[in-house]
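# Geometric and topological summary
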Amino acid sequence: MQTYAALHRRSIQDKAGFWAEQAQLIHWHKPVQQVLEYTNPPFARWFVGGETNLCYNAIDRHLAARADQRALLYISTETNEERAYTYRELHAEVNRVAAMMRSLGVQQGDRVIIYMPMIAEACFAMLACARIGAIHSVVFGGFAASSLAARIDDARPTLMMTADGGSRMGKPILYKALVDEALQIAKHPPAQVLIFNRGLDPAMPMTAKRDVDWAQCAASHVGATVPCVWLESNAPSYILYTSGTTGKPKGVQRDVGGYAVALAASMKHIYCGQAGETMFTTSDIGWVVGHSYIIYAPLIAGMTTVMYEGVPTRPDAGIWWKIIQDTKATVMFSAPTAIRVLKKQDPAFLKKYDLSSLRHLFLAGEPLDEPTHQWISDALNVPVIDHYWQTETGWPILSAMPGIEATPIRFGSPSFPVYGYDLKLLRESDATPASANEKAVVAIEPPLPPGCMTTVWGDDARFVNTYFSMFSKKLVYSTFDWGIRDAQGYYFILGRTDDVINVAGHRLGTREIEEAVNMHSAIAECAVVGVADVIKGQMPLAFAVPKDAARIATPELRQTLEKEVLAMVDQQLGAIGRPRTVHFVNLLPKTRSGKTLRRIIAALAEGRDPGDLTTIEDPNSLVQIQHVLKGLAP
Ligand code: PRX
């Protein structure tokens, strides 16, 4: 057994040697010619010349040894369904969907937007895209029509795949109706939409020529086989949109070979998931965790993956632990918010089920507070590993790596830099390295390791300008997170440096929410900030200025306008972006040059010291914020 530190050092000092070894974890149709090409910084090309396919590695490669083993287990506590697919069956389903996509004109390199609930067909759709070299872009089902339309216009898909609806807490959420609305707004709508009908929307209208019924289309492709398209390692595999400082989401683009290798290596060194075992990841396919650790990584590792449609507390707060017992899962991956929700429920649920199969619980996506970390560690009696990463990286940046060395877990810390990441803590002022316990920007010395984003879809300049230009003197990737490292080398993440907030593990740009609020015709401008929330980590809070002060003259008028603004956010962005409250003021705190001082607003809203106030143009704006936070008129 090597030590973590030695492996990490080697991965940085001998990148080509280290990653050439990891590359052997996957199948290559054509061998790699050059492990790393880094002639055009910060653009890195991994495993140049090698040809492979994500779907082949996730399914076909396992057919010889594990055709009759379960590959996918779909459990829905929303519709009370459970369906299992062996590797042989998953192979057949994915081939059929690939044939359906081909029949609808999808070619290699075409984009396919998948806007689907957590059902097995969504998994088939993603893998079928990978099989034929089409580029999927999965959009989270919680996003509303205009968010969806913005992604459609950026990706310009040939095909959209959707379902009539999803379900939450037993209530149908109509996806197809929302797709219809998005396609009305979009400037570049796809020619065809493939719809899986679950029977959740009996009144679902179909648009002639454009809409295709999944079941009907599938019926004409029974038993179809579609060979895997061998792709050069650097071909794009998918686009996943994520929020940043601007209102326009960025299309994070990933490659094929680097991603497959990074995921395979992470299953071995970090998650310790073995072929034949079960992994249960509680995320959604609309997020990066779902892409990497519900779909691709567990299948590449030859495991059974669980796709769960439902909430953690229904039918009761024991449901996830029952799934662990029933599937004998060895690896579980979830988010801190979910654990905080479960902490408030009867602890007897954790004792009710046999959890002896479980070796590790991994948590990521938002800060894990110490009491919650401690509570769940005590309750499960297995290592609970807080690990830190981003949509951009696709796999962990900071983590304990029990597959390499069992290092002690420190509550509140995601442990150490993962192999492949040349992590730096840099002072914001001059990019010099921070000392122990000094708060600084978490940065990565390029090249980024395999599996990380290769560019912003269709916009190389935006990739460089967004991620590599925080420091004028140094070309480094900024995570936009603050962090510190203690004297023992443990890292702690202290929140974002930009205007991104994290609501129940969902990453949202406050600018996107502001744009949605501003869509209301009565609003002149607004500021949205994230404030601490006991369960969700953070919640958005809006401060809006009406065009006409008469609209907020009485508490009743303010209430009416707040309702309208919240409805506007639901419609524009989706309920996930809905502010906890909309406060109305007559002016916002700004600098003399007109920059809204969001950090000061956030500090006041959280009851913290707002710090230096000398840059504020009109101090009355602060008085108004303080008044409305107390429930008074501005
Ligand atoms: O701010 C960090 C926070 O979530 C951001 C990335 O979110 P997303 O792109 O949705 O990717 C999630 C992948 C797990 C980061 O920039 N974050 C993520 N993990 C942690 C975290 N903050 C603190 N602790 C973590 N373990």
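These numbers come from a predicted model, not from an experiment.

## Structural notes on the overall build of the chain
- Across its full length, the chain holds 20 helices and 32 strands.
- For 634 residues, the compact-globule estimate of 2.2 N^0.38 gives 26 Å, and the chain sits close to it at 24 Å.
- Overall size of the chain, expressed as C-alpha extent along the three principal axes, is 70 × 60 × 55 Å.
- Here the contacts in the chain between residues at least 6 apart in sequence split such that 70% fall between residues at least 24 apart.
- Total accessible area on the chain is roughly 23800 Å²; 52% of this is exposed by carbon and sulfur atoms.

## With respect to the site of the ligand
- Around the ligand, the structure places 17 residues, and the nearest of them are His387, Thr391, Asp481, Arg496 and Arg507.
- Gly365 places a polar main-chain atom, nitrogen or oxygen, 3.1 Å from a nitrogen atom of the ligand.
- The side chain of Arg507 places a nitrogen or oxygen atom 2.7 Å from an oxygen atom of the ligand.
- Those elements that provide at least two residues to the shell around the ligand are helix H11 (288–300) and strand E27 (491–496).
- The residue makeup of the shell around the ligand, split by class, is seven nonpolar, five polar and five charged.

## Some words on the pairing of E27
- Looking at chain direction, strand E26 (residues 477–485) and E27 are connected through five bridges and run antiparallel. When the sheet's bridge partners are listed, Ile484 is paired in E27 with Phe492.
- Between the antiparallel neighbours E26 and E27 lie five residues, among them Gly489 with a positive phi of about 95 degrees.

## A few points about the nonpolar core
- Formed by 126 residues in total, the largest nonpolar core has its most connected members in Met101, Leu127, Met161, Tyr296 and Tyr419.
- Counting residues per element, this core draws most heavily on helix H6 (residues 120–132), which supplies eleven residues.
- With residues up to four places along the chain from it excluded, the contact list for Tyr296 reads Leu54, Met126, Leu127, Ala130, His136, Tyr238, Tyr259, Leu263 and His291.
- If you look at the next biggest cluster of nonpolar residues, it comprises 47 residues, including Ile152, Leu178, Ala182 and Val565.

## Considering the packing of aromatic side chains
- What the rule picks out here adds up to 34 aromatic pairs.
- Seen from their ring centres, Phe43 and Phe463 are 5.3 Å apart, and the 45 degrees between their planes marks the pair as tilted. Of this pair, Phe43 sits in strand E2 (residues 43–48) while Phe463 sits in helix H16 (residues 460–467), and the two are 420 residues apart along the sequence.
- For Phe43, a relative accessible area of 19% puts it in the buried group.
- Judged by centre distance (5.2 Å) and plane angle (70 degrees), the rings of Phe463 and Phe468 are edge-to-face.
- An aromatic cluster is built from Phe18, Trp19, Trp28, Trp46, Phe47, Trp395, Tyr419 and Tyr421, whose rings are joined through pairwise contacts.
- Over the ring of Phe143 we find Arg151, and its NZ or CZ is 4.3 Å from the ring centre.
- The lysine or arginine in question, Arg410, covers the ring of Tyr490, its NZ or CZ lying 4.1 Å from the ring centre.

## Considering helix H7 (residues 145–155)
- Of all eleven residues making up H7, eight are buried, and the element is well covered by its neighbours.
- Listing the buried residues of H7 in full gives Ala145, Ser147, Leu148, Ala149, Arg151, Ile152, Asp153 and Ala155.
- Phi for Arg156, located one or two positions after H7, is positive at around 45 degrees.

## Some points on the domain arrangement of the chain
- Domain boundaries assigned for the chain yield domain 1 (4–481) and domain 2 (504–629).
- With centres defined by C-alpha atoms, the gap from domain 1 to domain 2 works out at 32 Å.
- Together domain 1 and domain 2 conceal approximately 1700 Å² of surface at their shared face, both sides included; 49% is due to carbon and sulfur atoms.
- The interface formed by domain 1 and domain 2 holds one salt bridge in total.

## What about the sheet that holds strand E19 (residues 360–363)?
- Spatial ordering of the open sheet is given by E5-E4-E17-E16-E18-E19-E20, a layout of seven strands whose pairing is mixed. The open sheet has two edge strands with one neighbour each: strand E5 (81–86) and strand E20 (384–386). Adjacent strand axes in the sheet meet at a mean angle of 15 degrees when their direction is disregarded.
- As paired strands, strand E18 (residues 331–334) and E19 are joined by four bridges and run parallel to one another. Looking across to E19, one finds that Met332 is bridged to Leu361.

## A short note on the pattern of salt bridges
- Under the defined criterion, the tally for this structure stands at 34 salt bridges.
- Between Glu21 and Arg10 there is a salt bridge, with the nearest N and O atoms lying 3.1 Å from each other. With a gap of eleven residues between them, Glu21 in helix H2 (residues 15–23) and Arg10 in helix H1 (residues 4–13) connect regions that are remote in the sequence.
- Taking relative accessible area as the criterion, Arg10 reaches 29% and is therefore assigned partly exposed.
- One salt bridge connects Arg507 with Glu392, and the closest N-O pair in it is separated by 2.9 Å. Residue Arg507 is found in strand E29 (residues 506–509), and its partner Glu392 is found in the loop between E20 and strand E21 (398–399); the two are separated by 115 residues along the sequence.
- Of the residues examined, Glu392 reaches a relative accessible area of 2% and is grouped as buried.

## Side note on helix H19 (residues 598–605)
- Most of H19 is tucked away, with six of its eight residues classed as buried.
- What H19 keeps buried is the set Arg598, Ile600, Ile601, Ala602, Ala603 and Leu604.
- Taken together, the buried residues of H19 touch helix H17 (510–518), strand E30 (523–533), strand E31 (537–546) and helix H20 (620–629).
- Phi for Gly607, located one or two positions after H19, is positive at around 70 degrees.

## Points about the environment of Met470
- Among the secondary structure elements, Met470 is positioned in the loop between H16 and E26.
- The class for Met470 is partly exposed, based on a relative accessible area of 27%.

## Quick look at the side chain of Asp486
- As for its placement among the helices and strands, Asp486 is situated in the loop between E26 and E27.
- Accessibility expressed as a relative area gives 10% for Asp486, which makes it buried.
- For Asp486, the side chain forms a polar contact with the side chain of Arg410, separated by 2.8 Å.
- Among the polar contacts listed, one links the side chain of Asp486 to the backbone nitrogen of Gln488, at a separation of 2.9 Å.
- Not counting chain neighbours up to four residues away, the residues in contact with Asp486 comprise Arg410, Ala436, Asn437 and Phe492.

## Focus on the packing of H2 against helix H10 (residues 257–271)
- Remark: H2 packs on H10, axes separated minimally by 9 Å, with the N-to-C direction vectors making an angle of 85 degrees. With respect to H10, the axis of H2 lies roughly perpendicular. Taken together, the residues of H10 that come into contact with H2 (itself represented by Trp19, Gln22 and Ala23) are Val261, Ala262, Ala265 and His269.
- When the residues that make up the contact of H2 with H10 are grouped by side-chain class, the tally is five nonpolar, two polar and no charged.

Calculation rules
- Residues numbered from 1 in each chain as written.
- Predicted model: local features only at pLDDT ≥ 70, side-chain atom pairs only at ≥ 80, totals over all residues.
- Heavy atoms only, no water.
- Helix = DSSP H or I, 4+ residues; strand = E, 2+ residues; numbered from the N terminus.
- Rg over C-alpha atoms; globule rule 2.2 N^0.38 Å.
- Contact = heavy atoms within 4.5 Å.
- Areas by Shrake-Rupley, 256 points an atom, 1.4 Å probe, with all protein chains shown as cover.
- Near = heavy atom within 4 Å.
- Polar contact = N/O pair within 3.5 Å; in protein donor to acceptor, adjacent residues only side chain to side chain.
- Nonpolar A, V, L, I, M, F, W, Y, C, P; charged D, E, K, R; others polar.
- Pairing = 2+ DSSP bridges.
- Core = buried A, V, L, I, M, F, W, Y, C linked by side-chain atoms within 4.5 Å.
- Buried < 20%, exposed > 50% of the residue type's maximum accessible area, 1.4 Å probe, protein only.
- Phe/Tyr/Trp six-rings, centres within 6.5 Å; stacked < 30°, edge-to-face > 60°.
- Lys NZ or Arg CZ within 6 Å of the ring centre and 35° of its normal.
- Domains from an automatic or database assignment.
- Buried area = accessible area lost by both parts, 1.4 Å probe.
- Salt bridge = Lys/Arg side-chain N within 4 Å of Asp/Glu carboxyl O.
- Axes fitted to C-alpha atoms, helices over the stretch in contact; angles between N-to-C directions.
- Parallel < 35°, antiparallel > 145°, perpendicular 65-115°, else oblique.

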